[in-house]
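Residues per chain, in single letters:
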Amino acid sequence: MTGMETLHYQLPGGHRIGDFEPVLVGVVASGNLEVMLEPSAEGGCAFHIETSAHGFGNIWEAVVRDFHRRHELAGVSVSVNDMGATPAVVSLRLDQAVCMLPGAPS
C-alpha cells in the first residue's frame, strides 16, 4: 500500500487543561513522529493519527487508550504524524507533549 492511513479516536475527558498554546514535540522522519496537542472545545480527548504504517489500528488504539488511562485529558486535540515509529516511541512523544502542558496531570 502507498500513502498514509488515517485513524481517529475520541475518548471521554477527565482532566481539563484549559487554554494553552499548541505544543509540538518530535519530528517527522523515518522511524519517528511528531505530536501536536491543541486546545479543543470538546469535552473529551480527540486523537487524529496520520501514519505510513498501514494495518496497525489495533496497536494504535492500545497505545492511545494506555496514554489516556494515564493522563485522562479533556479539552485536548492530539494530532500525530507518524513515519513508522514503534509504540514505545509513540508513548514517549505523547508523554513529552503532556509534560509541556500548563497544569498537566503527572
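Above this text is the structure in question.
The model shown is predicted, which means the values in this text are computed figures rather than measured ones.

Peer 1: What is the right way to look at helix α1 (residues 57-71) in this model?
Peer 2: Turn by turn, an α-helix covers 3.6 residues, leaving residues three or four places apart pointing in a common direction. An ideal rise of 1.5 Å per residue puts 21 Å on 15 residues; α1 measures up with 21 Å between its terminal C-alpha atoms. Among the residues of α1, W60, V63, V64, F67, H68 and H71 are the ones counted as buried. Here the buried residues of α1 occupy an arc of 130 degrees about the axis, which is enough to place them on one side. Residues N58 and R69 are exposed on α1 and point more than 90 degrees away from its buried face. Lining the buried residues of α1 we find β1 (5-11), β2 (15-16), β5 (45-51), β6 (73-74), β7 (76-82) and α2 (87-99). Of the residues trailing α1, E72 is marked for its positive phi of about 45 degrees.

Peer 1: Where do I start with the environment of D19 in this structure?
Peer 2: Along the polypeptide, D19 turns up in the loop between β2 and β3 (23-26). By relative accessible area, D19 is classed as exposed at 76%. Taking the C-alpha atoms as reference points, D19 and A85, separated by 66 residues in sequence, lie 29 Å from one another.

Peer 1: Quick question: what am I supposed to make of α2 here?
Peer 2: For α2, with 13 residues, the first-to-last C-alpha span of 18 Å sits near the 18 Å given by 1.5 Å per residue. Buried within α2 are the following residues: V90, S91, R93, L94, A97 and V98. Relative to the axis of α2, the buried residues are bounded by an arc of 165 degrees and lie together on one face. Among the exposed residues of α2, those oriented more than 90 degrees off its buried face are A88 and C99. Where the residues of α2 are buried, they touch β3, β4 (33-39), α1, β6 and β7.

Peer 1: Which parts of the structure should I look at to understand the nonpolar core?
Peer 2: Soluble, globular proteins show a tendency: their nonpolar side chains are buried together. V35, L37, F47, L73, V76 and V78 are the most contacted members of the largest nonpolar core, which totals 27 residues. Breaking this core down by element, the ones donating at least two residues are β1, β3, β4, β5, α1, β7 and α2.

Peer 1: Would you mind going over the packing of aromatic side chains with me for this structure?
Peer 2: The geometry of an aromatic ring pair is captured by the separation of the ring centres together with the interplanar angle, meaning the angle of the planes. If you walk through the whole model with that rule in mind, you get 1 aromatic pair. Aromatic side chains F47 and F67 sit 6.0 Å apart centroid to centroid with 90 degrees between the ring planes, which places their arrangement in the edge-to-face category. Separated by 20 residues along the polypeptide, F47 in strand β5 and F67 in helix α1 bring together distant segments of the chain. Both residues of the pair, F47 and F67, count as buried.

Peer 1: Could you clarify how one ought to interpret the packing of α1 against α2 in this entry?
Peer 2: The geometry of a pair of packed helices is captured by two quantities: the angle between their axes and the separation between those axes. Two elements in contact, α1 and α2, have axes whose closest approach is 10 Å; the angle formed by their N-to-C orientations is 30 degrees. In this structure, the crossing between α1 and α2 has a hand that is right-handed. On α2, the residues touching I59, W60, V63, F67, R70 and H71 of α1 are P87, V90, S91, L94, D95 and V98. The residue makeup of the contact of α1 with α2, split by class, is 8 nonpolar, 2 polar and 2 charged.

The rules behind each value
Residues numbered from 1 in each chain as written. Predicted model: local features only at pLDDT ≥ 70, side-chain atom pairs only at ≥ 80, totals over all residues. Heavy atoms only, no water. Helix = DSSP H or I, 4+ residues; strand = E, 2+ residues; numbered from the N terminus. Expected span 1.5 Å × (residues − 1). Buried < 20%, exposed > 50% of the residue type's maximum accessible area, 1.4 Å probe, protein only. Arc of directions from axis to C-beta. Contact = heavy atoms within 4.5 Å. Core = buried A, V, L, I, M, F, W, Y, C linked by side-chain atoms within 4.5 Å. Phe/Tyr/Trp six-rings, centres within 6.5 Å; stacked < 30°, edge-to-face > 60°. Axes fitted to C-alpha atoms, helices over the stretch in contact; angles between N-to-C directions. Left-handed = near helix turned anticlockwise from the far one by under 90°. Nonpolar A, V, L, I, M, F, W, Y, C, P; charged D, E, K, R; others polar.

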